[in-house]
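# Commentary on secondary and tertiary structure
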Amino acid sequence: IDTSDRVLAQRALRASETRYRRLFQSAKDGILILDAKSGKIIDANAIMSGLLGRELPSLLGRELHEIGMFADEKASRGAFAEVQHNG
């Protein structure tokens, strides 16, 4: 079985992930990535960690209200629903 197309696709995917990771970590803005279903934080760059005064592990799995981005759970979930609905 010729796997050259699959191997090339895997290499391209790894290269794309490397470029994304470099851009994400070198951005001059704080970035949080939320799970599209739960609204929980699945990644944050170093700038956002610094702005919040928290290490990445303490952010992961939390909702925005749990890290002080919103006053309470209702406001946090409302903002997340707005982003889901309107992009």
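Anything mentioned here points back to the structure above.
Residues numbered from 1 in each chain as written. Predicted model: local features only at pLDDT ≥ 70, side-chain atom pairs only at ≥ 80, totals over all residues. Heavy atoms only, no water.

## Regarding the side chain of Ser-49
By secondary structure assignment, the location of Ser-49 is in helix α2 (residues 46-52). Not counting chain neighbours up to four residues away, the residues in contact with Ser-49 comprise Ala-44, Arg-54, Glu-55, Leu-56 and Leu-59. (Helix = DSSP H or I, 4+ residues; strand = E, 2+ residues; numbered from the N terminus. Contact = heavy atoms within 4.5 Å.)

## Details of the environment of His-85
Counting through the fold element by element, His-85 comes out in helix α4 (residues 73-86). Judged by its relative accessible area of 67%, His-85 is exposed. Measuring from C-alpha to C-alpha, the distance between His-85 and Asp-29 comes to 24 Å, with 56 residues separating the pair along the chain. (Buried < 20%, exposed > 50% of the residue type's maximum accessible area, 1.4 Å probe, protein only.)

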